[in-house]
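# Inside the fold
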Amino acid sequence: GDSVTQMEGPVTLSEEAFLTINCTYTATGYPSLFWYVQYPGEGLQLLLKATKADDKGSNKGFEATYRKETTSFHLEKGSVQVSDSAVYFCALSPPTASGSRLTFGEGTQLTVNP
Amino acid sequence: DAGITQSPRYKITETGRQVTLMCHQTWSHSYMFWYRQDLGHGLRLIYYSAAADITDKGEVPDGYVVSRSKTENFPLTLESATRSQTSVYFCASTQTGVEAFFGQGTRLTVV
């Protein structure tokens, strides 16, 4: 079945550091790929998405590129801020399923210190 | 208020009791989902619904029951709560099949 694997956390960085959170997936065909973010005490919010190979999703300074050849969708940000502290989830939705039947990775806790 | 709301936000119940978690969305989205979030497991799909009166099992449905008599509501019932069902539960909805919108979650503790 479909699966998503994220790098183990937690991740602790200083403000303005470069961030990479690795995500790889297993799925048939061409799934849609997502990064969701969960701030403390809140539900998940869509951060960015890519629906086909080589697409780059971007939002709020975060980027991720859909790499079919390596089945990866790594999240990057050039300069993190304290306000980026949250849990980040990589997810996929299979191409044949309607309604976003999302499969999530385990989540990566990011803490950014001033 | 527009959006997706869950109630209660926090619930403590005893083993063996029945408990229902509520989910209401105002967008008339066709698809609704229940996930549970546990440390080390991410979010796992419990049940989902493609429309009113259409529901199907997800990855971890045992011990849970859902119904969807109206498009906007998707309650989740634990028929006889167990300690292993202590978790944070998230409801979500979508129409487009691309972006899902999540509620704020219900933190359930079974003692």
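Please refer to the structure placed before this passage.
Structural notes, computed from the coordinates. Computed from a prediction, not measured in an experiment: that's the story for all the values here.

### Regarding the overall build of chain B
Looking only at helices and strands, chain B features 0 helices and 11 strands. Counting from the amino terminus, chain B carries its helices and strands in the arrangement β-β-β-β-β-β-β-β-β-β-β. A globule of 111 residues ought to have a C-alpha radius of gyration of about 13 Å, and chain B, at 13 Å, matches this closely. Across the 111 residues of chain B, 47% fall into the buried class.

### Some points on the state of the cysteines
Throughout the structure, instances matching the rule amount to 2 disulfides over all chains. Between Cys23 of chain A and Cys90 of chain A runs a disulfide, and the two sulfur atoms are separated by 1.9 Å. Given an S-S torsion of about -70°, the disulfide between Cys23 of chain A and Cys90 of chain A has left-handed geometry. With Cys23 of chain A in strand E4 (residues 23–26) and Cys90 of chain A in strand E10 (residues 86–93), this pair connects stretches of sequence that are 67 residues apart. When its relative accessible area of 0% is taken as the criterion, Cys23 of chain A is described as buried. Owing to a relative accessible area of 1%, Cys90 of chain A belongs among the buried residues under this scheme. The disulfide partner of Cys23 of chain B is Cys91 of chain B, and the S-S distance across this bridge is 1.9 Å. The chirality of the disulfide connecting Cys23 of chain B with Cys91 of chain B is left-handed, given an S-S dihedral of about -75°.

### Notes on the sheet that holds strand E7 (residues 64–66) of chain B
Residue and element names in this part refer to chain B. Read from one edge of the open sheet, 4 strands run E1-E3-E8-E7, paired in antiparallel fashion. Either end of the sheet is taken by a strand with one partner, and the two such strands are strand E1 (4–7) and E7. Strand-to-strand twist in this sheet, taken as the mean axis angle between neighbours without regard to direction, amounts to 20°. In this sheet, strand E8 (residues 76–78) lies alongside E7 in antiparallel orientation, the contact comprising 3 bridges.

### Topic: the pattern of salt bridges
Residue and element names in this part refer to chain B. In total, this model carries 6 salt bridges over all chains according to the counting rule given. Among the salt bridges present, the one from Glu14 reaches Arg17, with a minimum N-O distance of 3.3 Å. Measuring nitrogen to oxygen at the nearest pair gives 2.9 Å for the salt bridge that ties Arg44 to Asp38. Residue classification places Arg44 among the buried residues on the basis of a relative accessible area of 17%. Connected through salt bridges with shared partners, the residues Arg36, Asp38 and Arg44 form a single ionic network.

### With respect to the sheet that holds strand E3 (residues 19–21) of chain A
All names here are of chain A. Spatially, the 4 strands line up as an open sheet ordered E3-E9-E8-E7, and their pairing is antiparallel. A strand with exactly one partner marks an edge of an open sheet, and here the two such strands are E3 and strand E7 (56–59). Neighbour-to-neighbour, the strand axes of this sheet turn through a mean angle of 15°, independent of strand direction. Pairing of strand E8 (residues 62–65) with strand E9 (residues 75–77), which is carried by 3 bridges, proceeds in the antiparallel orientation. Bridge pairing links Phe62 to Lys77 in E9.

### Some points on the packing of aromatic side chains
Under the counting rule described, the total for this entry stands at 13 aromatic pairs over all chains. Members of the aromatic cluster, connected to one another through ring pairs, are Phe34, Tyr36, Phe89 and Phe104 of chain A together with Phe33, Tyr35, Tyr48 and Phe102 of chain B. Above the plane of the ring of Tyr30 of chain A lies Lys68 of chain A, whose end atom (NZ or CZ) is 4.4 Å from the centre.

### Re unusual backbone geometry
With the exception of glycine, the majority of residues adopt a negative phi angle, and the majority of peptide bonds are in the trans configuration. Geometrically, the link from Ser7 of chain B to Pro8 of chain B is a cis peptide bond, its omega value of -10° lying close to zero. Look at Asp54 of chain A: it is not a glycine, yet its phi comes out positive at around 75°. In this fold, Asp54 of chain A is placed in the loop between strand E6 (44–50) and E7.

### A few points about the interface of chain A and chain B
With 19 residues of chain A in contact, the opposing surface of chain B contributes 20 residues. When chain A packs against chain B, close to 1600 Å² is buried across both sides, 56% of that on carbon and sulfur atoms. Where chain A touches chain B, the interface holds 0 salt bridges. Inspection of the chain A/chain B interface yields 5 residue pairs in polar contact (both at pLDDT 80 or more). For the side of chain A that touches chain B, the secondary-structure elements that each account for two or more residues are strand E5 (32–38), E6 and E10 of chain A. For the side of chain A that touches chain B, the class distribution of residues is 7 nonpolar, 8 polar and 4 charged.

What counts as what
- Residues numbered from 1 in each chain as written.
- Chains lettered and ligands numbered in written order.
- Predicted model: local features only at pLDDT ≥ 70, side-chain atom pairs only at ≥ 80, totals over all residues.
- Heavy atoms only, no water.
- Helix = DSSP H or I, 4+ residues; strand = E, 2+ residues; numbered from the N terminus.
- Rg over C-alpha atoms; globule rule 2.2 N^0.38 Å.
- Buried < 20%, exposed > 50% of the residue type's maximum accessible area, 1.4 Å probe, protein only.
- Disulfide = S-S within 2.5 Å.
- Pairing = 2+ DSSP bridges.
- Axes fitted to C-alpha atoms, helices over the stretch in contact; angles between N-to-C directions.
- Salt bridge = Lys/Arg side-chain N within 4 Å of Asp/Glu carboxyl O.
- Phe/Tyr/Trp six-rings, centres within 6.5 Å; stacked < 30°, edge-to-face > 60°.
- Lys NZ or Arg CZ within 6 Å of the ring centre and 35° of its normal.
- Contact = heavy atoms within 4.5 Å.
- Buried area = accessible area lost by both parts, 1.4 Å probe.
- Polar contact = N/O pair within 3.5 Å; in protein donor to acceptor, adjacent residues only side chain to side chain.
- Nonpolar A, V, L, I, M, F, W, Y, C, P; charged D, E, K, R; others polar.

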